[in-house]
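The lines below spell out each chain.
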Amino acid sequence: MGRTLRTICARTIGGFALVASLNGWLEAKDHPPDLPPAAQQRAEADADLSASEGKAPDASGEVLVPPPAPDEPTPKAEEKKPAKKKAPPNPFKPNLFQNDFSYKKDPENKTYIPGEELKDMPLDGLGDWWCLPKSTLSFGGELRHRYMDEDNRLRLGGPGRSTYQLWRSRNYLDYKSEHVRAYVEMIDASSFGEELPETIIDVNRTDIQNAFVDLMLLERDGKPIVFRTGRMELQYGAQRLISPLDWANTRRNFEGFLISSKGDAWDIDAFVTRPVNSAALNHFRRTSADHADASRTFTGVYSTFHAIENQTVDIYWIWLREQEPLFLVPDGSRQTVGLRYAGTKPIKEGKEKVVRQWDWDFEGGYQFGHDNDLQRVERPIEAGFVTGIIGHTWMVPWKPRIAGLYYWGSGDSDRFDGEVNTFSVLYPLGHAYWGILDNLSGQNLINYSVQGQVKPTDKLTCNAHMHWFNLDSNADRIYNVAGAAVGGTGTSVNVGRELDLFGTYQFNPNFDIQAGYSWFWYGDAVTQQAAVRRDDASQLYIQTTLRY
């Protein structure tokens, strides 16, 4: 084993030992958990993420497992009242093909959500001659606007200030029957008024975002095994390596095949795809139709074990193969094997009332394979990453939560030894993990972060994140959010500090508004290089989203 693999193992073992110690200490408190199964909790809590879609995403799209609502004491027998009917969960998901309006089938449901009339409309009454039995049709979409005011980011065309408007619309048709599903989603993403060059992830005019067919012909544990073919978005785990990147004005998509099997203990997906749009690092086709990059193959197997209450374990293998050099991506073959462990631990007062809760999310991965340099010399790859976050929530008014995060993505300590040690983040939701100002990627990066959250009302969530960024190796360079290397080598490892203040107000399931302000104070790794030197960076955004 080389230096990188030893480092990954040491940091991963240390993180899991910490979680094991925490679990043991909490068990000793003799407060056994009594919450819904982990799979159900994830479905209600998941957001971009990653990791993560039961609520509308917060301003960062960050994948967090929110604490359960505190339990009310059980009234005495003579004081018992009829249980109140729960409102349905938010049926709108960031991935529109996961929208869930099944609450309409409940005859006791009294909640009305605008747009539900056009969801799960039965077609069987029109005759079986043109559609399969138990068929439904849904129409819906999303309209989003974001105002941006950014200054001195490490981005293409900088340094400089740019204010601009981002618009995005998505609309879909979804046909479902007992064994067949056909889904089509269109996207139109545009940018107006920018002073700096528009980025390739902000513009994609009138194109097909998703177009796939699902066949459900077999079952496992009473659940259908789904075979999907066509154009699709991919999202797994906490979205650290595979994410549709909802923060971008466009969203990543791929073409190929996917097999998905959900089970009582294990969920297993296997996919073979090719990247399609520029957000997936294919060619930038601003107004022409997107099509898959035949030179790149993105393959993987992702499995999730969820039989332990309130805990999940992800095990995965991912392979990215590039047959021709492309912007930011050398040709070669890079494989990633990884492990993720996430969960929550409620602390109770008595037998019922949850008074506070721990949550954690640890993940690590090892990369191997080879890259070809500009002289077509094959160089072996040994790289990896380790990250972890531990949080604590108090079930009191405002539900304050505080968390600590650590991230390490390997850099190349010797660029002339014939080996590649810089970790590739693949297709991440970097916006959630390396600062919402979107200055950095997780390559050759160490990030320490302290994070806080409060909920003054059920509709309002406020966050404050502080980050301290260092390079893993000053023999390697800084990598911006697009994965492009900036500046030179041999300077300080201190990249800088970032403070993010952001919040979301969810008026109702159909409409929310998000806003955030960020400051980035550059360290010597930037200020000592004439090629990238600039004043400190800042960013303001205000975003509104309408779902229908």
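This structure is a prediction, so every number in the text was calculated from the model and none was measured.

S.K.: What is the right way to read the overall build of the protein from this model?
M.R.: Within the protein, the regular secondary structure consists of three helices and 21 strands. Out of the 548 residues belonging to the protein, those deemed buried represent 53%. Of the roughly 23900 Å² of accessible surface on the protein, a fraction of 60% belongs to carbon and sulfur atoms.

S.K.: What's the story with the side chain of His392 in this structure? I'm lost.
M.R.: Here His392 shows up in strand β13 (residues 378-394). Classification of His392 as buried rests on a relative accessible area of 7%. Within the local environment of His392, its side chain forms a polar contact with the side chain of Arg356, the two groups lying 3.1 Å apart. Not counting chain neighbours up to four residues away, the residues in contact with His392 comprise Arg356, Gln357, Trp358, Asp359, Pro400, Arg401 and Ile402.

S.K.: Just checking my understanding: could you explain unusual backbone geometry for this structure?
M.R.: Trans peptide bonds make up most of the peptide bonds, and negative phi angles are found at most residues other than glycine. Of note, the bond from Gly158 into Pro159 is cis; its omega dihedral lies within 30 degrees of zero at 0°. With respect to the secondary-structure elements, Pro159 resides in the loop between β2 (136-151) and β3 (161-176). We note that Asn310 has phi near 65°; this positive angle belongs to a residue other than glycine. Despite not being glycine, Asn444 has its phi angle at roughly 50°, a positive value.

S.K.: Where do I start with the environment of Leu426 in this structure?
M.R.: Mapping Leu426 onto the fold places it in the loop between β14 (401-409) and β15 (445-454). Residue classification places Leu426 among the buried residues on the basis of a relative accessible area of 10%. Among residues more than four places away in sequence, those in contact with Leu426 are Leu241, Ile318, Leu320, Thr336 and Gln367.

S.K.: How should the confidence of the model for the protein be read in this particular structure?
M.R.: Parts of the prediction with low pLDDT should not have their coordinates interpreted in detail. Residues at a pLDDT of 70 or more form 81% of the protein, whose mean pLDDT is 86. Here residues 16-82 is modelled with pLDDT under 50, and outside its nearest four sequence neighbours on either side it reaches 176 contacts, counting other chains as well.

S.K.: Any chance you could explain the nonpolar core here in plain terms?
M.R.: Nonpolar side chains tend to gather and get buried jointly when the protein is soluble and globular. Formed by 53 residues in total, the largest nonpolar core has its most connected members in Leu234 and Phe298. Where this core is concerned, the elements lending two or more residues are β7 (254-261), β9 (296-305), β10 (311-322), β13, β14, β16 (460-471), β20 (511-522) and α3 (524-527). It is β13 that contributes the most residues to this core, four residues altogether. When sequence neighbours within four positions are dropped, the list of residues in contact with Leu234 reads Ile242, Ser243, Pro244, Phe254, Leu258, Phe271, Thr273 and Phe298. Core analysis: the next-biggest nonpolar cluster, separate from the first, contains seven residues, Met148, Leu166, Ile436 and Phe502 among them.

S.K.: How do you make sense of the pairing of strand β19 (residues 494-508) when you look at a structure like this?
M.R.: Across a regular strand the side chains alternate sides, sitting on one face of the sheet and then on the other. Where β16 lies against β19, 11 bridges are found, and the strand directions are antiparallel. From the neighbouring strand, Ala464 faces β19, where its bridge partner is Leu501. Of the pairings in the sheet, the one linking β19 to β20 comprises 12 bridges and is antiparallel in character. Paired with Gln506 across the two strands is Asp512, which belongs to β20.

S.K.: Looking at this structure, how should I read the pairing of strand β12 (residues 353-372)?
M.R.: A large share of β12 lies buried, amounting to 14 of its 20 residues. Bridge analysis of strand β11 (residues 332-349) against β12 gives 18 bridges, and the strand direction is antiparallel. Across the sheet, Arg340 pairs through a bridge with Glu363, a residue of β12. Between β11 and β12, which pair antiparallel and follow one another directly, the connecting turn spans three residues, one of which, Gly350, has a positive phi of 75°. In this sheet, β13 lies alongside β12 in antiparallel orientation, the contact comprising 17 bridges. Residue pairing in the sheet places His370 in a bridge with Pro380 of β13.

S.K.: How do you make sense of the packing of aromatic side chains when you look at a structure like this?
M.R.: Geometry of an aromatic ring pair is reported as the spacing of the ring centres plus the angle between the planes. The tally for this structure, following the rule as stated, stands at 28 aromatic pairs. An aromatic cluster is defined as three or more aromatic residues linked by ring pairs; in this entry it consists of Tyr236, Phe254, Phe271, Phe298, Tyr302, Tyr316 and Tyr427. Its end group placed over the ring of Trp247, Arg146 keeps NZ or CZ at 3.7 Å from the ring centre. Sitting above the plane of the Phe212 ring, Arg228 keeps its charged end 3.9 Å from the centroid.

S.K.: What am I meant to see in the environment of Ala515 here?
M.R.: Inspection of the secondary structure puts Ala515 in strand β20. For Ala515, a relative accessible area of 34% translates into the label partly exposed. Spatially, the C-alpha atom of Ala515 lies 9.4 Å from that of Tyr147, the residues being 368 residues apart in sequence. Apart from the residues within four sequence positions on either side, Ala515 is in contact with Leu501, Phe502, Gly503, Tyr541 and Ile542.

S.K.: Would you mind showing me how to read the pattern of salt bridges here?
M.R.: When their charged atoms lie close together, side chains carrying opposite charge are able to pair. Using the criterion set out here, one finds 29 salt bridges in the structure. In this structure, the salt-bridge partner of Asp361 is Arg240, at a minimum N-O distance of 3.2 Å. Separated by 121 residues along the polypeptide, Asp361 in strand β12 and Arg240 in the loop between β6 (223-232) and β7 bring together distant segments of the chain. We classify Arg240 as buried; its relative accessible area is 8%.

S.K.: I tried to follow the side chain of Ser410 on my own but got confused; where do I start?
M.R.: Note on placement: Ser410 falls in the loop between β14 and β15. A residue is classified by how much of its surface remains accessible, and Ser410, at 0% relative accessible area, is buried. One polar contact links the side chain of Ser410 to the main-chain carbonyl oxygen of Asn421, over a distance of 2.7 Å.

Reading the values: rules and limits
Residues numbered from 1 in each chain as written. Predicted model: local features only at pLDDT ≥ 70, side-chain atom pairs only at ≥ 80, totals over all residues. Heavy atoms only, no water. Helix = DSSP H or I, 4+ residues; strand = E, 2+ residues; numbered from the N terminus. Buried < 20%, exposed > 50% of the residue type's maximum accessible area, 1.4 Å probe, protein only. Areas by Shrake-Rupley, 256 points an atom, 1.4 Å probe, with all protein chains shown as cover. Polar contact = N/O pair within 3.5 Å; in protein donor to acceptor, adjacent residues only side chain to side chain. Contact = heavy atoms within 4.5 Å. pLDDT = per-residue confidence, 0-100. Core = buried A, V, L, I, M, F, W, Y, C linked by side-chain atoms within 4.5 Å. Pairing = 2+ DSSP bridges. Phe/Tyr/Trp six-rings, centres within 6.5 Å; stacked < 30°, edge-to-face > 60°. Lys NZ or Arg CZ within 6 Å of the ring centre and 35° of its normal. Salt bridge = Lys/Arg side-chain N within 4 Å of Asp/Glu carboxyl O.

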